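# A closer look at the structure
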Amino acid sequence: MSKKPKKLGNKTKDFTAQIYKILAKEPSKSFNYKQIAAQLELNDTKSRNEIIRDLKLLKAQDKIHETDRGKYQMVSKAEYYEGVIDMTSRKTGYFMCDELEDDVFVPFINLNHALHGDKVRAYIYNRRSSRKPEAEVLEILERSKIEFVGVIDIQKNFAFVTTSHPKMYTDIFIPKNKIGEAQHGDVVLVKMEDWPKKADSPFGSVIKVLGKPGEHNTEIHAILAEYGLPYDFPIEVEAFAKKLDTSITPEEIAKRRDMRNVLTFTIDPKDAKDFDDALSFEVLENGNYEIGVHIADVSHYVQEGTILDEEAYNRATSVYLVDRVVPMLPEVLSNFACSLRPHEEKYTFSAVFKLNAKAEVVDSWFGRTVIYSDQRFAYEEAQSIIESKSDIIPAEISLTGKEYKVDNAIVEATLKLDELAKILRSKRMAHGAISFDKVEVKFHLNENAEPTGVYFKQSKDANHLIEEFMLLANRKVAEFIGKQKKTFVYRIHDEPNEDKLMSLQTVIKRFGYSLNFKSKKDISNSLNNLLTEVQGKKEQNMVDTLAIRTMSKAEYSTHNIGHYGLAFDYYSHFTSPIRRYPDVMAHRLLQYYLDGGKSVSEEVYEEKCQHSSQMENLAANAERDSIKYMQVKYMQDHKDQEFLGVISGVTEWGIYVEIIENKCEGMCRIRELKDDYYVFDDKQYAMVGEVSKNILQLGDEVYVKVKNADLVKKQLDYWYIRKKE
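Since this is a predicted model, take the numbers as computed values, not measurements. (Residues numbered from 1 in each chain as written. Predicted model: local features only at pLDDT ≥ 70, side-chain atom pairs only at ≥ 80, totals over all residues. Heavy atoms only, no water.)

## Details of the overall build of the protein
Going by this rule: To qualify as a helix, a DSSP run of H or I must reach at least 4 residues; to qualify as a strand, a run of E must reach at least 2; elements of each kind are numbered from the N terminus. Three labels apply to residues, based on accessible area from a 1.4 Å probe with only protein chains included: buried if under 20% of the type maximum, exposed if over 50%, partly exposed otherwise in between. By the convention used here, residues are in contact when the closest approach between their heavy atoms is within 4.5 Å. Calculation of accessible area relied on Shrake-Rupley with a 1.4 Å probe; when residues are assessed, cover is drawn exclusively from the protein chains displayed. The charge count includes Lys and Arg as positive and Asp and Glu as negative, but it does not include His or the ends of the chains. For this purpose, a charge sits on NZ of Lys, CZ of Arg, CG of Asp or CD of Glu.
Looking only at helices and strands, one finds 17 helices and 35 strands in the protein. Its C-alpha atoms put the protein at 105 × 70 × 60 Å along the principal axes. Across the 725 residues in the protein, those meeting the buried criterion constitute 50%. Residue pairs at least 24 apart in sequence account for 64% of intrachain contacts in the protein once pairs closer than 6 positions are excluded. When the accessible area of the protein is evaluated, it comes to approximately 36500 Å², of which 47% is carbon and sulfur surface. Between the mean site of the 104 positive side-chain charges and the mean site of the 115 negative ones, the protein shows a separation of 7 Å.

Written out as C-alpha cells, the structure reads:
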C-alpha cells in the first residue's frame, strides 16, 4: 500500500526574514500587516494571519517596535550592518564588515542578486545563539562593477554572456536588440543594466566586441576590460598633449636652479622608454658629496583643471602588461617631453642632498631645476662598472651592441654612488626594513608577442643603487612636509597581520625555519633571515610568496602611520610622476608649500589617495593576469614535456605545483593522483595516501606534465606523474 503524500497546506510559513527585509530597506517608515502582505504579493487569509503572528514575534524579541496600533518599524539597534560581499567559487559568499569580528557566511538563497565586491546592507541571523551565524542581503548599496568580460552565446531571440571569473555565479541575459555587432562565440564587454526581482540572470547589453577567444590581442584587451582599465587615449586628450609647448625656454630656465653643468646620468632597464629619474654627482671642496635626485617635472606640463590632468587622475597609474605598457600619460609626454633622455636639456623637480662619507645627509634642498643628461645606462652596463671597476662596457651587454669606453668621471661617480647606496641600505636593514627581492618572471617574446622562453629578473647592485637614492628622496620629501604638519600624500604600510604570521610560521617549520615574535624588530629581523636562508632553495618562491602575503598592502593616504616594510617614519612617492599620479600630487604640494602655501584640504586629498590605491590594485591584478596568460600560452607548446615542480599549495580538491624552471603554477586534481586514494590532511597541509600512507606536502618535489592549458580561464592543469625520490 503506497504512502499518502504529505499535505503541504497546513505547514506554517515563517515570514520573519521577508518582514525584516522590508522594514530594513526603509528603517524610518512604519508598516502594517496589509502593506507587508502587498509587498510580498500575498492576499490569502492564512498568509496574512502568519504575517500578523510574525510581527508580534519580532516585537516580543525587541527586533521591531509598534509605533502606532498595528504599525511596525525597525529597531535602530537591530542586527543589520553595512559591508562587502566576498564570493566563493561555490555560489556562496561571505559578508565582510568592520563592525563584526568574523566574516559571516551567506548561502546562495540569501544573496538576493548581490555579486562579488558589492557593498550591501545585510541582516545577521543566529548572532547570539549557539548556531553558526548567517547573513542575508537586504539591499545592494553599491555595485562593485557593472561591466563584465565574457563569451557570448547567441540564440534565436536572445543571447547569454558567460564570464570565466570563478566568483561570478551568473551569466548575463542579452535581449536581441542589444547584441550589437557581436557574433556567436565572440569575447565581449557587457554592461549590466537591470536585474528584475524574479529573473534568474541580470539583463545587459554588449558595449564592445573584443575578438575571438584565445587570440592574443583579444585576451590582452579582455584583461584590461575586465578591470575597467583604458587602452587608448581619447582623441581630445592626445590633441591637447600634442599642442603643449615642450620647448626649453630662457624665461623658464631663469625661474629654476640651473644644474646643466653638473655630471648627470640615468640608469634604467634596457627596454625602458620613459626615464623618470636621473642622478647628478659632484665632489664638494670639503670632501662631501652633492647628489641630485632629478625627477621629470610632469606637473609643469600636466596642469590642474585640464583634460590631460583629468585623464591622468582617472588612470592614476601606467599598467605594465607582459607585452605592452598602457601609459598614464600620452606618448608625447611619457616618452619624449618628460623623459630624461641622454644629451637633452629637461625640466626636473629635484631633491639635492649633501652627504658625508658615512652617507649621512648634512643638507637637503628641494625645488625645480633644469638638467642635461650626459649618459644613459642600462642596469647591466652600470652593473658591469660596479663589478669590474673598469671603464670598458663589453659588447654583449652594451645598449649599442658594441664595446665602448665610459668617461672616467662617470665611472668614479658610479662607484662612489654604489658605495654610499650600500651604506644607506645596511642602515635601513639595521632599522628593521624587510628585504623583499622576489624573483620576477619575464618572457622572451617573438615579433608576434608570443613567448619563446622564460627568464628571471633579479635585483643586483645597480638596481639597489638607484633604489636607495629614490628611497632617500621619497623619505626626505615626506619628512620635510610631515614635520610641518601639513596635508600631504604619504605612502603608508601597516604592520603585518599576526594571524598570517602564525600561519607562515606553521608552514616554514616544515622546512626547519622559524620566526621570532618577541618584538616588532625581532619579527622583521627574523623575516629577513628567513628570506636570506631560502635563497636558491627549492622552496624559495613559495616562502617568498607566503611572506609577502603576511604583509599589509601598502597604500596612499593623508594619514601618516609610517612604512613598516621600509622602516621609515615618513615616506611618499615622489620619484615616478610619469607613471604614478600620487607622485604628480606630491610635486604640486611640495611646490605649493615651498611657495609658502597653507595646508590643503585633507578630505579632498584623502579621496584622491583612495582612488589612486584602488587603481594601483586594479593595475596589479591586470599585470598578474597577463603574466598568467603568458605562462599558459608558453606551456601550451610544452604539453609532452615532463617538468620538475614544487608543491606550492594543498587543498581538499588537489595540489598546486609550481614548475621550478619557469615558475608556471598549475593544479593536479585529487582524482589525478592515481598511485593511491589520497585524503586531504589540513593539519599537515598534505595529501595522505590511504593505502601507502605516502605524503604529498608543501615543498615536496614532484614530476608533472601539462594536461590542459586554458587561455580564456588562464588556468593550467597538470598530470601528476610521481614524487621525486
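Picking up after the structure, the text goes on.
## Overview of the pairing of strand 2 (residues 71-74)
So the rule is basically this: Two strands pair under a simple rule: DSSP has to find at least two bridges between them.
Here strand 1 (residues 64-68) runs beside strand 2; their pairing, made up of four bridges, is antiparallel. Residue pairing in the sheet places His65 in a bridge with Gln73 of strand 2.

## Notes on the sheet that holds strand 32 (residues 686-689)
Filter applied, for reference: Between the N-to-C directions of two axes lies an angle of 0 to 180 degrees, each axis being a line fitted to C-alpha atoms and, for a helix, fitted only over the stretch in contact.
Overall, antiparallel pairing links the three strands, which are arranged 31-32-33 in an open sheet. Either end of the sheet is taken by a strand with one partner, and the two such strands are strand 31 (678-681) and strand 33 (695-697). The average angle at which neighbouring strand axes cross in this sheet is 25 degrees, direction not considered. Here strand 32 pairs with strand 33 via three bridges, running antiparallel.

## Comments concerning the sheet that holds strand 14 (residues 264-268)
Here we have seven strands laid out as an open sheet, ordered 13-20-19-16-15-14-21, and mixed in their pairing. Both outer strands of the open sheet, strand 13 (257-258) and strand 21 (375-378), are each paired with one neighbouring strand and no more. Examined bridge by bridge, strand 13 and strand 20 (residues 361-372) share two bridges and lie parallel to one another. Bridging across to strand 20, Asp258 finds its partner in Val370. Contacting strand 14 and strand 21, helix 10 (residues 379-388) runs over the sheet at an angle of about 90 degrees to strand 21.

## Focus: the environment of Ala378
You can see Ala378 is positioned in strand 21. For Ala378, a relative accessible area of 1% puts it in the buried group. Distance in space between the C-alpha atoms of Ala378 and Asp268 is 5.1 Å, their sequence separation being 110 residues. Not counting residues within four places of it along the chain, the set of residues in contact with Ala378 comprises Ile267, Asp268, Lys270 and Leu399.

## Some points on the pairing of strand 3 (residues 80-87)
As paired elements, strand 3 and strand 6 (residues 119-125) share five bridges and run antiparallel to each other. Bridge assignment links Tyr80 to a residue of strand 6, and that residue is Tyr123. Taking the residues between adjacent antiparallel strands as the criterion, strand 3 and strand 4 (residues 93-96) are bridged by five residues, where Lys91 takes a positive phi near 65 degrees.

## A closer look at the side chain of Ser526
Structurally, Ser526 is set in helix 14 (residues 520-533). Taking the relative accessible area as the measure of exposure, Ser526 reaches 8% and is therefore buried. Sequence-distant contacts of Ser526, that is, excluding residues within four places in its chain, are made with Ser514, Leu515 and Asn516.

## Here's the deal with the environment of Asn408
Looking at the secondary structure, you find Asn408 in helix 11 (residues 408-430). The sequence separation of Asn408 and Gln303 amounts to 105 residues, and the corresponding C-alpha distance is 40 Å.

## As for the pattern of salt bridges
Test applied: Any Lys or Arg side-chain nitrogen found within 4 Å of a carboxyl oxygen on Asp or Glu counts as a salt bridge.
Inspection of the entire model under this criterion finds 43 salt bridges. The salt bridge partner of Glu252 is Arg256, with a shortest N-O separation of 2.8 Å. Residue Glu252 shares its accessibility class with Arg256, and that shared class is buried. Salt-bridge contacts for Glu311 lead to Arg315; the nearest nitrogen and oxygen are separated by 2.8 Å. With a gap of four residues between them, Glu311 and Arg315 both fall in helix 8 (residues 307-315), about one helical turn apart. Taking relative accessible area as the criterion, Glu311 reaches 14% and is therefore assigned buried.

## Describing unusual backbone geometry
The backbone of Lys91 shows a phi angle near 65 degrees, a positive value even though the residue is not glycine. Mapping Lys91 onto the fold places it in the loop between strand 3 and strand 4. Despite not being glycine, Lys389 shows a phi value in the positive range, around 55 degrees. Residue placement: Lys389 occurs in the loop between helix 10 and strand 22 (392-393). The class for Lys389 is exposed, based on a relative accessible area of 56%.

By themselves, these are just geometric observations and shouldn't be taken as functional.
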